[in-house]
Amino acid sequence: LRVAPSAMQGATYGSVADLPQPHAPPSRWRRSFVIALSALCCIAVLGAALIHHRHPTALEDCDEITCMMNSPTKPPGAVPATPRTLRPDEVSKLQEALKEEQGLEQEVQSDMAYLDGEGKVNINVVMNPEGPKGNPGPMGEQGPQGDPGIPGPVGVVGPPGVPGRRGIVGPQGPPGPIGPKGDPGKQGPAGPPGPAGPSGDTGVQGSKGAKGAQGPPGPMGPEPPGGPPGPKGPRGPPGPVGPMGIAGEAGPDAPAPASLESTVINPVDGSPVSGATISILRDGVELASTTSNDEGEFSVTVPPGPVQIVATREGSMTYRTTAMLMPRMVDSDRLILAPTLPEGAAGIVLVWNKVIPDMDLHMTTPWGCNVDWTNYACTNRGGAGKAHLDRDDMYGGGPETMTIDQPAPGAFKVFVERYSSGDIHLSEAKVYVFQSDGRIFQFDLNNGDGVIEGNDDDIWKVCDIDGLTGNVIATDKARRVLQLGAVGAADNTAKSYFQISDFQRAPSSKASLAFWMLSSADNLGTPFSYAVDGTAADFTLSNYKSFVLCVGGECGPFSDVRASDGEWHHIAVTWDSSSTDPKGNAIFYLDGNFVWSGDVAKGKSIANGGTVVVGNAQTAPGQVGSGISNFVGQMSDVVWVNRVLSRTDVQGLMMSHVTGHEAGAVLAFAMTQPDDHLTNLMDYSTSAYVGEFMGDPKPELTFPTQSSR
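About the thresholds
- Residues numbered from 1 in each chain as written.
- Predicted model: local features only at pLDDT ≥ 70, side-chain atom pairs only at ≥ 80, totals over all residues.
- Heavy atoms only, no water.
- Helix = DSSP H or I, 4+ residues; strand = E, 2+ residues; numbered from the N terminus.
- Buried < 20%, exposed > 50% of the residue type's maximum accessible area, 1.4 Å probe, protein only.
- Contact = heavy atoms within 4.5 Å.
- Areas by Shrake-Rupley, 256 points an atom, 1.4 Å probe, with all protein chains shown as cover.
- pLDDT = per-residue confidence, 0-100.
- Pairing = 2+ DSSP bridges.
- Phe/Tyr/Trp six-rings, centres within 6.5 Å; stacked < 30°, edge-to-face > 60°.
- Axes fitted to C-alpha atoms, helices over the stretch in contact; angles between N-to-C directions.

Student: Please clarify how the overall build of the chain should be interpreted in this entry.
Tutor: Helix and strand counts for the chain come out as four helices and 40 strands. Burial status across the chain gives 40% buried among its 709 residues. For the chain, the proportion of contacts with a sequence separation of at least 24, taken over those separated by at least 6, is 65%. When the accessible surface of the chain is totalled, it reaches about 42000 Å², and 55% of it is carbon and sulfur.

Set out below in structure tokens:
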């Protein structure tokens, strides 16, 4: 709400008009003259009032609204003032007046309704449809000036007044502002000279003068020492052959060699594979190599001992296995060279000794369908999942092959049935699981893998294949795992481990550690630690959320290798103090695949006589860390060797179980000890140590848990 107040000349709304200031009292002798002069002034003012409009009078003691509504009209020619916004108190007064008027109107209507109800009056109240009449608004602006009136007669000119006396001289005014700066004066005379300045820098050296004349020769100096010998001359021609020396004593006989004489076969149809390259390696060094002929046959001779056998051919998956060859031994195990599998697929192959003519491969799928010789194919009609039997061999030896064409969530359970009569152990059956990413898992009946069941011991339960991850877990109740930490306990409270004190067979400049593990804990669990006096982490692998290797008290960087996802994983780490590999002297493998390399403690070494702890870190020999570093989960097939494992070695360990016969093994926990010996952990290597269960709760040898998925 905005109100445009009327402009007024000489006074403002709400102000008091300026009153003339009284003069000093006149002297008595002039008082009569002043009175007469005042009368004349009054007559002049009255005359002027008759001619001109009266000047508006200022209102006193009123608020701005009252002054605005009762102020006189503006004089002619006044300029309208700029509208302004009412103050909050002015708006409040207007709102109160409106409420009061509305209240009066409601009271009148109430009274009229009452009288009409009593029959005392018959009055119709007609209200303006536009509502009750509001209060008068402020006075509008003055209209245009009217025509001038008729001039009145000229008044009589009065006599001139007596001149007033001169007033008193006022006080002196303040000084005026400073004037502008004047022009500069003339320059003064020159001052006396200043003191001498410092010496300047030395000038540039002048050119060299002319060479002087040669002086007389000096006396003869002493004889100088002889110079170094000259370069070696070329080798002379060989001299004549001397007489034959006396024969030395005969050395010990070399061990008789071992040989591999077998066949490379295609497991899908059982046909021989020609042109396959077979390499025999030991500690990553190739001992021999050969190629299969048109019948798939090959033969190679090598020194006895542990070997890795690798077979390759274009269009086929690489085959890897291990063997312990004794002197004069002939290894005739067939090599399985499967065709390349599509992504996500898996192949299962059964081979056996012909002494049992017919062995049958079976597989139960996650959706409840059985693949075998009575039902060659299974397809999941409710979602993903497809598998089939490739080949059924009824005449002995195999291969008998199945393929998981399309995986599905859950476990594919693999087992073998002895169909023909006889002792199932005489079959020497083996099952291979090939994954599309190159992983190979091997299970040997006579190595204790799996479980023998059935009324006539005719069923061999081999393994479970995880349909999501492809991980393969042996169905093995004879082979236990080590449970560390209470199941369901808080990750940072459990302290569960086993230890071996005064360990005297520690590796020195080369070492490798490998094991299976399953954990879903969220702490920084330590699978393995070795400590000596003065060095708490002489060889320690810690933090399964991002593995870190420490050697000789010096730790490497985080490897970003994680295994605490609730799945079974095979872990291997190798270390070589003197390695010159530009990629680093430490290597991590996850599920048989290279995943990380870097430099860790180059030039360091591992000392003897320390303490081994499996399941926690150590702050000093035999003193474990807090619960935050405790391993919570399950471990199996732990082996520590004094050499650098190759990728083939790692995959061989992953495909089989630890036996204690691994080359360079200083510790080997196979976890196959008898049921009446489960209160500690036996070392199956030649070290033959016994691990003591420690902590609360103590570790427990139990059966493996399946993956969490």
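Student: Before we go on, may I ask you to explain the confidence of the model for the chain in this structure?
Tutor: In regions of low pLDDT, the predicted coordinates are not meant to be interpreted in detail. The predicted model of the chain averages 80 in pLDDT, with 78% of residues at 70 or higher. The model gives residues 53–60 a pLDDT under 50, and that stretch makes 17 contacts with residues more than four places away or in other chains. Across residues 125–129, where pLDDT falls below 50, the model places three contacts with residues more than four positions away in sequence or in other chains.

Student: How should I be thinking about the pairing of strand β11 (residues 346–351) in this particular structure?
Tutor: Taken residue by residue, a regular strand's side chains alternate between the two faces of the sheet. The element β11 is extensively covered by neighbouring structure, given that six of its six residues are classed as buried. Residues A346, I348 and L350 line one face of β11 and the alternating positions G347, V349 and V351 line the opposite face, and both faces are buried. Examined bridge by bridge, β11 and strand β16 (residues 400–406) share five bridges and lie antiparallel to one another. Considered in β16, the bridge of A346 is made with I404. Sheet topology places β11 next to strand β18 (residues 430–435); six bridges connect them, and they run antiparallel. Counted as the bridge partner of I348 is V433 from β18.

Student: Help me out: how do you make sense of the packing of aromatic side chains in this one?
Tutor: Given two aromatic rings, their pairing is described by the distance between the two centres and the angle made by the two planes. Tallied over the full model, the rule gives 16 aromatic pairs. Ring geometry for W367 versus F412: centroids 6.0 Å apart, planes at 85 degrees, classification edge-to-face. Of the two residues, W367 is situated in the loop between β12 (359–364) and β13 (370–371) and F412 in strand β17 (residues 411–418); the sequence distance between them amounts to 45 residues. On the numbers, 6.3 Å between centres and 75 degrees between planes, the contact of F503 with Y530 is edge-to-face. Of this pair, F503 sits in strand β24 (residues 495–503) while Y530 sits in strand β26 (residues 528–532); the two residues are 27 residues apart in sequence, bridging distant segments of the chain. Residue Y530 is classed as buried on the basis of its relative accessible area, which comes to 0%. Through pairs of rings, three or more aromatic residues link up here, namely F503, F528, Y530, F539, W640 and Y689.

Student: Looking at this structure, I do not really get the sheet that holds strand β4 (residues 277–282). What am I missing?
Tutor: Two pairing modes exist for strands in a sheet, parallel and antiparallel, and in both the strands are linked by backbone hydrogen bonds. As summarised here, the arrangement of the four strands in space is β5-β4-β7-β8, forming an open sheet in which the pairing is antiparallel. With one partner strand each, in any of the chains shown, β5 (285–291) and β8 (319–325) form the two edges of the open sheet. Sheet twist, expressed as the average angle between the axes of neighbouring strands with direction ignored, equals 25 degrees. Of the strand pairs in this sheet, strand β7 (residues 305–312) and β8 are connected by seven bridges, and their pairing is antiparallel. Along β8, the bridge assignment pairs V307 with A323. Lying on the sheet, helix α4 (residues 647–655) is in contact with β7 and β8; it crosses β8 at an angle near 85 degrees.

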